[in-house]
Amino acid sequence: MKGVELKSGDLEGLFKGLLDKKAVDCLILPHRVGNNVAHMMVTDKDKIESPVPAIFAPSFSVNAANIVKGWLIKEKIGIVAKPCEIRAAIELIKLKQMDKESVLLISVDCSGAFKNQDYADHAEEIGDWVDSAKIEGLKGKRIAIREACEICDKRLADVGDIGIVRQDGDNVVVVGITDMGVEALSAIEDISLEDKDIDRSGEIEKIAAEAKKKKEALPEISSVEALEEFLRDCIVCKNCREMCPVCYCKECFFEQPLGKPVGGDLLNIAELRGAIAVPVNQLMYHLTRVYHVSTTCVGCGACEDACPKDIPLTRLYPVIAEKVQEIFEYVPGKDIEEPLPFTTYEEEELEDKLR
Amino acid sequence: MGIAVIGGGVAGITAALDLADSGYKVHLIEKNAELGGKMEELAECQMGLSPYIAKVENHPNIDLMLSSELERLSGTAGDFKLSVSGNEIGVESVVLASGYDIPEVAKSYGFGSPDVVVSLDFEGILKAATVSETGELVRPSDGKRVKRLGFIKCVGSRCQENEICSTACCAYTAKEAWEVKERFPDMEIYIFYMDIRVFGKDEELVAELKDKYGVKYIRSRVPEVIPEEGALTVKFENLEKGTIEKLDLDMVVLAVGLLPSKTLSKLAEITGVKTDKYGYIETSLTSPLETSVPGILACGTATAPMKVRESVAQASGAALKAAGLSQRTEPIPGQEEHKYIEVGDELKTGVFICGCEGEVANTVDIPAVAERTNELKDVAYVNSETNTLKEAMDAIESGIVDQGLNRIVFAGQSPRECEDIVRDACARAGLNPYLLEMVNLREQCAWVQDPKDATEAAVDMLKMAVERAKYLEEIPVERYPVIPKALVIGGGISGMNAALGIADAGYEVHLVEKRAELGGGLRESAELQGPGGEQAADILNELVDKVTTNERMNVYTNAKEEEVVGRAGSFKAKIVAEGSAEDAEIEFGACVIATGARRDFVPEGYFGYGKEKNVTTVSEFGKMLAGKLDANTIALIQDVPGEGVTARYSSIEVVDSALKAKEKNPDANVFVLYQDIKTYGKWEVLYKDAREKGVIFLRYDKEKPPKYEDGIVSVYDVIFNDEIQIKPDLVVLSTPTMPAEANERLSETFKIPLKKGFFMEKPERPKMVLTPVDTVNEGVFICGSAVYPAMIDECLAMSSAAASRACVLLAKDFLETPAMISVVDEEICAGCGVCEAICPVDAIELTEEPVPVVTFGVTTVVGGTKKVAKTGDGCIGCGSCASYCPSGAMSLKNFRDRQVYAQLDYAM
């Protein structure tokens with residue numbers, strides 16, 4: 001793999017270089033805003049502030065892929081984001097919601113994240129990077145990492161076109177993962193790429209083992225009754241859908257007359273059954289959505305963050321999605337060339353799994 | 001005049017429908033009071049056949065003569081007079097489809113004990129077990145659960161009383177064993193057999209049974225079954241050990257063979273057709289459908305024991321031949337153009353509840369259901385007086401005409417049986433046929449509900465249907481003309497026969513052959529199998545002559561089809577021929593694929609082939625037999641591994657050439673090394689003959705294949721349990737047969753699945769058994785060795801069948817475009833393209849549209865392009881796209897979300 005080891009402070013120059021050399025027309029990357037960290041979209045290279053430590057900060061606001069959904073123009077956008085965000089972007093490319101040639105995807109290592117209001121409130125205690133010991137320590141102080149991050153086993157910057165790997169000390173390794181990534185990096189002056197083969201299998205195993213334990217400890221939703229109870233407080237605001245990076249419909253079924261009956265339609269349905277729960281379609285909405293995202297859900301947890309009723313949706317969406325993805329041996333966002341499971345129907349397949 | 005079809009089983013029904021659908025008058029004569037024949041006793045087949053029976057019963061061109069028998073026949077082809085149970089009818093041709101009967105079972109099989117059953121009865125027992133309260137398979141004698149089940153094959157066939165092989169038993173036994181294992185995975189199953197005579201997908205099924213399901217196949221002819229206290233003891237010879245062993249079983253299924261129908265000898269006497277020494281109607285390898293009397297055709301198990309699939313193919317083929325001797329006199333149903341009434345805003349729903357000849361009425365309280373349905377606010381009229389489908393159709397027609405009903409809910413038998421018939425009734429009365437909603441009160445209510453719940457369930461089902469009916473929409477019915485021409489791909493024996501069949505029926509044919517001359521794979525053969533001594537070249541030359549002199553035939557050699565577009569009834573393609581300056585642009589309504597199979601597998605490296613001069617293949621050996629044979633010791637090795645499949649003719653060819661070698665040189669030592677000798681049907685006699693004439697058969701195990709080294713063939717014979725060495729002058733290899741190269745391309749072009757390169761279908765669902773030459777692509781038919789390498793008689797029957805099916809289509813002036821197709825709401829489409837990827841027929845195209853960039857309310861630049869799905873021609877209405885589309889932008893007409901929701905909302 002082609003890459004370069006840099007001081008983390010040099011990343012500022014790298015991002016400026018991408019804009020300067022027109023490798024991208026604009027760049028989305030995390031910036032510090034007071035105590036908080038938020039995505040900024042930058043077209044003027046002089047507006048780029050020192051990106052480290054913001055890009056590694058354990059804070060999650062919006063899944064960046066959600067911002068570029070429907071980027072149907074030719075101009076190229078670069079996205080510097082956590083692996084789950086990059087993986088969502090790759091799924092959106094497969095779903096033709098943006099063009100592969102119009103995005104440069106730059107993933108950064110992630111140590112897990114806190115809801116961004118939690119992060120803002122405790123920025124100093126949380127710091128710029130967390131490890132499992134620190135996470136446990138913070139838990140004691142009732143500062144909890146997002147459940148989605150706890151069960152995530154894909155936190156390394158090995159997806160997209162470019163990866164930014166955090167090293168111990170103050171260094172980072174920037175690697176070009178795809179040809180497009182290598183080309184973009186090569187365009188920048190002051191950077192000379194060399195062969196960089198980094199073996200992270202040990203790290204991957206460790207993360208996976210920890211995640212697995214956490215996953216197994218999650219409470220299960222084991223029946224329809226349990227699911228109804230789980231969703232009891234849902235007000236069908238559909239904010240989870242708004243924030244979901246892979247929900248890509250132009251007009252959601254549940255905004256259409258059948259999915260969201262109003263006035264006379266609502267009365268007709270009530271008349272048929274005598275009494276109906278309102279708002280309608282609470283269970284139907286979630287069941288439909290879980291089916292729609294089950295192969296593409298990247299487990300980023302944006303749905304849970306978005307829920308005004310604090311329903312722990314991570315226990316529903318990513319958990320079910322993972323089971324479905326296991327059946328299809330499909331990891332969303334892992335490989336841009338791998339077709340979506342629904343598009344690869346074979347008359348004889350999955351027989352052992354469906355038995 | 002018309003055609004008389006004698007026998008109302010699966011073959012008779014098939015022949016009658018092919019003829020009636022093409023506008024011929026048919027008299028269908030059945031001795032029993034009901035149609036269906038033996039098929040009705042096969043649980044799975046009954047379901048498959050029932051739509052065809054319903055169609056026959058309601059077909060305007062079929063004169064159904066039940067409980068009737070042929071008493072007298074006089075006259076000649078073109079002018080037969082028949083006396084049928086006292087009625088006199090005149091026809092131009094006759095199709096005999098009298099079916100089979102099963103032999104009487106010898107007492108030694110323990111027959112008489114209730115736990116010993118024949119396979120046909122076992123189908124019923126298995127079906128009953130599934131729906132019984134415990135869901136268990138129990139012994140008929142004492143009701144105890146069956147844990148050990150045995151199947152004994154070749155009962156009443158390959159024996160003294162009936163020396164031929166019954167062909168069907170190996171496959172149906174495997175299917176029954178599979179069904180048992182699927183339902184009762186813990187069942188121990190033992191199958192006793194002599195040879196496993198299965199091909200293709202059945203071969204795979206047997207392998208699966210052995211490897212995956214743990215079914216024990218024991219090679220031994222069971223001499224007796226001894227019913228004892230609480231168990232059945234089966235004695236058999238353990239060939240590996242050479243000992244006689246006993247096995248206790250709870251239940252034994254006898255896979256009985258097939259015999260000619262008991263009525264056949266009388267039928268033969270009346271009609272004057274010759275029968276063979278086994279009592280079947282005599283036909284020949286090269287005229288498998290013609291009897292000894294011109295104008296009288298025969299098909300199915302009246303001619304030889306065979307599987308349903310082959311019977312059906314023969315029946316279609318016989319229909320074509322019969323049609324060739326007759327005049328079309330009747331209109332083709334469904335060809336009238338209808339004017340539909342304007343349906344206004346006012347909803348007038350009529351509900352018709354049919355008693356289904358008691359099958360619904362005996363379980364469901366129809367008057368009560370009618371009364372409660374009548375109370376529903378949107379119901380204008382309820383009729384519950386009818387008891388047959390015919391009566392119900394009359395009631396619907398008058399309801400539409402006299403009462404002005406504009407939505408019809410029909411509750412009766414399964415839509416699989418009667419949907420077309422009811423839609424036609426609506427259309428005749430002037431109502432758009434898609435303003436119809438069906439309720440399956442028979443299968444989904446009366447048959448399955450507890451009688452005390454059935455009435456309530458019926459009311460609910462009707463309420464749901466009435467609700468859904470409100471949201472039905474008129475779907476325009478568009479017609480397009482059928483191009484009365486056919487394309488036949490492949491100029492071998494099957495292709496030529498199909499092409500001639502179609503041309504003789506009066507249609508223009510384009511016959512495309514990739515080689516420089518017609519003839520195909522049969523060009524490699526010399527003398528045909530069997531004692532007839534026909535030369536392949538003679539048969540081919542005769543066919544080629546007929547083809548090339550036929551005025552409706554356009555023959556293209558060194559050619560192939562390209563750029564095929566269109567649908568059933570209206571295709572277009574280019575014919576590209578080598579050396580021809582211009583491509584021919586052709587139009588056609590139907591296509592027959594007859595690409596044959598390839599026999600050019602070179603067994604390079606096997607048994608020294610290629611290096612040793614005296615190692616050859618069976619087809620080469622066939623040519624050697626035409627000359628002088630100076631080999632004294634010959635070893636024929638069957639089942640040589642390699643690419644491809646084992647042809648149905650493989651064993652027949654080996655045994656036949658072994659026999660001919662022996663006849664030519666009686667002093668020669670002829671050995672056949674084999675795993676299974678698959679001389680099915682009457683070919684069994686060839687095997688018997690060969691053994692009697694001194695051909696030595698040595699059976700080897702797949703795990704221990706024979707070797708040929710230093711001039712010595714050594715084989716471990718599993719009957720002698722010893723290694724045997726032969727020093728042959730000649731080693732003859734029987735090699736696998738490969739699919740035609742064109743199949744891949746054709747599979748892609750016509751979206752027809754391939755299996756191992758052939759057009760066989762793996763899951764043999766009833767529909768496929770009953771439509772052996774039809775494909776998933778309407779208007780495209782398959783036949784001959786392109787489906788699976790087959791004998792000449794089978795290729796001829798199948799290609800006549802394909803021609804018959806093509807002619808049924810070409811006989812129509814118009815076809816309707818599919819009405820229930822997918823449509824897209826472009827406003828909602830997000831352009832993800834998944835529908836395009838999953839569409840099995842490529843009927844969806846993703847188009848690009850410009851996206852204007854509107855900033856601060858002003859359209860500034862045209863920024864990018866978005867994608868939008870468009871549905872086009874070719875949609876078959878499968879609904880895959882609609883079921884994926886998350887936003888509902890894609891929907892299937894007649895299955896719109898609002899229609900389904902209305903029904904569901906009622907159910908919830």
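Nothing here was measured: the structure is a model prediction, and the numbers come from that model. (Residues numbered from 1 in each chain as written. Chains lettered and ligands numbered in written order. Predicted model: local features only at pLDDT ≥ 70, side-chain atom pairs only at ≥ 80, totals over all residues.)

Right, let's get into the overall build of chain B. Summing up its helical and strand segments, chain B has 23 helices and 46 strands in all. Against the globule reference of 29 Å for 908 residues, chain B gives a C-alpha radius of gyration of 30 Å, in line with a compact fold. Taken along the three principal axes of its C-alpha coordinates, chain B extends 90 × 80 × 70 Å. When the 908 residues of chain B are sorted by exposure, 49% land in the buried category. Contacts spanning at least 24 positions in sequence make up 73% of the contacts within chain B whose residues lie at least 6 apart. (Helix = DSSP H or I, 4+ residues; strand = E, 2+ residues; numbered from the N terminus. Rg over C-alpha atoms; globule rule 2.2 N^0.38 Å. Buried ≥ 20, exposed ≤ 12 C-beta atoms within 10 Å, placed from the backbone. Contact = placed C-beta atoms within 7 Å.)

This paragraph deals with the overall build of chain A. Scanning chain A for helices and strands turns up 16 helices and 10 strands. Relative to the compact-globule value of 20 Å for 355 residues, chain A shows a C-alpha radius of gyration of 21 Å, a close match. The principal-axis extent of the C-alpha atoms belonging to chain A is close to 75 × 45 × 45 Å. Looking at chain A as a whole, 40% of its 355 residues qualify as buried. Sequence-distant contacts, at least 24 apart, represent 72% of the contacts inside chain A between residues at least 6 apart.

Further remarks concern the sheet that holds strand β5 (residues 77–81) of chain A. Adjacent strands of a sheet form backbone hydrogen bonds with each other and so pair up, either parallel or antiparallel. Residues and elements named next belong to chain A. Spatial strand order, β3-β2-β5-β6-β8-β9-β1-β10: 8 strands in an open sheet with mixed pairing. Because the sheet does not close on itself, it has two edges, and the strands there are β3 (36–42) and β10 (194–195). Here 2 bridges tie strand β1 (residues 2–7) to β10, and the two strands are oriented antiparallel to one another. Within the sheet, the bridge partner assigned to K2 lies in β10 and is D195. The strands touched by helix α3 (residues 83–94) are β5 and β6 (103–108); relative to β6, the strand with the most contacts, the crossing angle is about 155°. (Pairing = 2+ DSSP bridges. Axes fitted to C-alpha atoms, helices over the stretch in contact; angles between N-to-C directions.)

Before going further, it helps to spend a moment on the environment of I93 of chain A. Residue and element names in this part refer to chain A. Relative to the helices and strands, I93 is located in helix α3. Distance from I93 to I177, taken between C-alpha atoms, is 17 Å for residues 84 residues apart in sequence. When neighbours within four sequence positions are excluded, I93 is seen to be in contact with M98, K100 and I336.

Residue and element names in this part refer to chain A. You can read the domains of chain A as domain 1 (2–217) and domain 2 (224–354). Between the C-alpha centres of domain 1 and domain 2 the distance comes to 27 Å. At the interface, 26 residues of domain 1 touch 20 residues of domain 2. Of all elements in the fold, only α2 (64–68), α3 and α7 (147–150) reach the threshold of two or more residues within the side of domain 1 that touches domain 2. When residues of the side of domain 1 that touches domain 2 are assigned to their parent elements, the largest contribution, 10 residues, is made by α3. Here the side of domain 1 that touches domain 2 is built from residues that sort into 14 nonpolar, 3 polar and 9 charged. (Domains from an automatic or database assignment. Nonpolar A, V, L, I, M, F, W, Y, C, P; charged D, E, K, R; others polar.)

In this section: the domain arrangement of chain B. Residues and elements named next belong to chain B. If you check the domain split of chain B, you get domain 1 (3–100 + 260–324), domain 2 (107–257), domain 3 (349–470), domain 4 (485–599 + 739–815), domain 5 (606–736) and domain 6 (822–892). Measuring from the centre of the C-alpha atoms in domain 2 to the corresponding centre in domain 5 gives 31 Å. The interface is formed by 12 residues belonging to domain 2 together with 16 residues belonging to domain 5.

Residue and element names in this part refer to chain B. Compared with an ideal rise of 1.5 Å per residue, which puts 12 residues at 16 Å, helix α1 (residues 10–21) spans 16 Å between its outermost C-alpha atoms and is within 8% of the ideal. The element α1 is extensively covered by neighbouring structure, given that 12 of its 12 residues are classed as buried. If you check which residues of α1 are buried, you get V10, A11, G12, I13, T14, A15, A16, L17, D18, L19, A20 and D21. Following α1 by one or two positions, G23 adopts a phi angle in the positive range, close to 95°. (Expected span 1.5 Å × (residues − 1).)

Low pLDDT marks regions whose predicted coordinates should not be analysed in detail. Of all residues in chain B, 98% attain a pLDDT of 70 or more, and the chain-wide mean is 92. Both confidence scores are given for the complex: pTM 0.85, ipTM 0.93. (pLDDT = per-residue confidence, 0-100.)

What follows deals with unusual backbone geometry. The amide bond that connects V278 of chain A to the next residue, P279 of chain A, takes the cis arrangement and shows omega of -5°. One can find P279 of chain A in the loop between α12 (264–273) and α13 (282–293). Positive phi is not limited to glycine here, since C154 of chain B has a value of about 60°. Structurally, C154 of chain B can be placed in strand β10 (residues 148–155). Notably, F607 of chain B is not glycine yet its phi reads approximately 50°, a positive angle. Among the secondary structure elements, F607 of chain B is positioned in the loop between β31 (597–598) and β32 (615–617).

The subject of this paragraph is the interface of chain A and chain B. Contact with chain A, which involves 23 residues of that partner, is made by 26 residues of chain B. Among the elements that line the side of chain A that touches chain B, the one with the most residues is α12 of chain A, at 3 residues.

Turning next to the packing of helix α9 (residues 389–403) of chain B against helix α10 (residues 415–428) of chain B. Residues and elements named next belong to chain B. Remark: α9 packs on α10, axes separated minimally by 8 Å, with the N-to-C direction vectors making an angle of 30°. Of the possible angle classes, the one that applies to α9 and α10 is roughly parallel. Crossing handedness for the pair α9 and α10: right-handed. Residue-level inspection shows L389, M393, I396, E397 and I400 of α9 in contact with α10, the latter providing C418, I421, V422, A425, C426 and R428. By residue class, the composition of the contact of α9 with α10 is 9 nonpolar, no polar and 2 charged. (Parallel < 35°, antiparallel > 145°, perpendicular 65-115°, else oblique. Left-handed = near helix turned anticlockwise from the far one by under 90°.)

Residue and element names in this part refer to chain B. The antiparallel open sheet is built from 3 strands, whose spatial order is β27-β28-β29. Pairing within the sheet leaves two strands with one partner each, and these edge strands are β27 (559–567) and β29 (584–588). Strand-to-strand twist of the sheet, defined as the mean angle between neighbouring strand axes without regard to direction, takes the value 25°.

Right, let's get into the nonpolar core. Residue and element names in this part refer to chain B. Counting 217 residues, the largest nonpolar core has V95, L96, A486, V592 and C783 as the members making the most contacts within it. Residue contributions to this core peak at 13 residues, all from helix α20 (residues 792–810). Contact partners of C783, with chain neighbours within four places excluded, come to S494, A498, V592, A594, V773, M798, S799, A801 and A802. (Core = buried A, V, L, I, M, F, W, Y, C linked by C-beta atoms within 7 Å.)

A few words now on the packing of helix α13 (residues 493–504) of chain B against α20 of chain B. Residues and elements named next belong to chain B. Here α13 crosses α20 at 35°, and the two axes come no closer than 8 Å. Handedness of the α13/α20 crossing: right-handed. Where α13 abuts α20, its residues I493, S494, N497, A498, G501 and I502 lie against I792, C795, L796, M798, S799, S800, A802, A803, A806 and C807. The residue inventory of the contact of α13 with α20, partitioned by class, reads 11 nonpolar, 5 polar and no charged.

In this section: the pairing of strand β4 (residues 70–76) of chain B. Residue and element names in this part refer to chain B. Sheet analysis places β4 next to strand β5 (residues 79–84), joined by 6 bridges and oriented antiparallel. Each bridged residue has a counterpart across the sheet, and for L73 the counterpart in β5 is L82. As consecutive antiparallel partners, β4 and β5 are separated by 2 residues, and within that stretch G78 has a phi angle of approximately 95°, a positive value.

Glancing now at the pairing of β27 of chain B. Residue and element names in this part refer to chain B. In this sheet, strand β28 (residues 570–577) lies alongside β27 in antiparallel orientation, the contact comprising 7 bridges. When the sheet's bridge partners are listed, E562 is paired in β28 with K574. Where β27 hands over to β28, the hairpin turn is made up of 2 residues, of which G569 adopts a positive phi near 95°.

Note on placement: T749 of chain B falls in helix α18 (residues 742–750). Residues T749 of chain B and E562 of chain B, 187 residues apart in the sequence, show an inter-C-alpha distance of 8.9 Å.

What follows concerns α13 of chain B. All names here are of chain B. Compared with an ideal rise of 1.5 Å per residue, which puts 12 residues at 16 Å, α13 spans 16 Å between its outermost C-alpha atoms and is within 8% of the ideal. Along α13, 11 of the 12 residues are buried, which leaves the element largely enclosed by surrounding structure. Among the residues of α13, I493, S494, G495, M496, N497, A498, A499, L500, G501, I502 and A503 are the ones counted as buried. In the stretch just after α13, G506 is the one whose phi turns positive, near 105°.

This brings us to the environment of C839 of chain B. Residues and elements named next belong to chain B. Structurally, C839 is set in the loop between α21 (834–838) and β44 (844–855). A tally of 23 C-beta atoms within 10 Å means that C839 is categorised as buried. Distance from C839 to I876, taken between C-alpha atoms, is 9.6 Å for residues 37 residues apart in sequence. Setting aside chain neighbours within four positions, we find C839 in contact with I844, S880 and C881.

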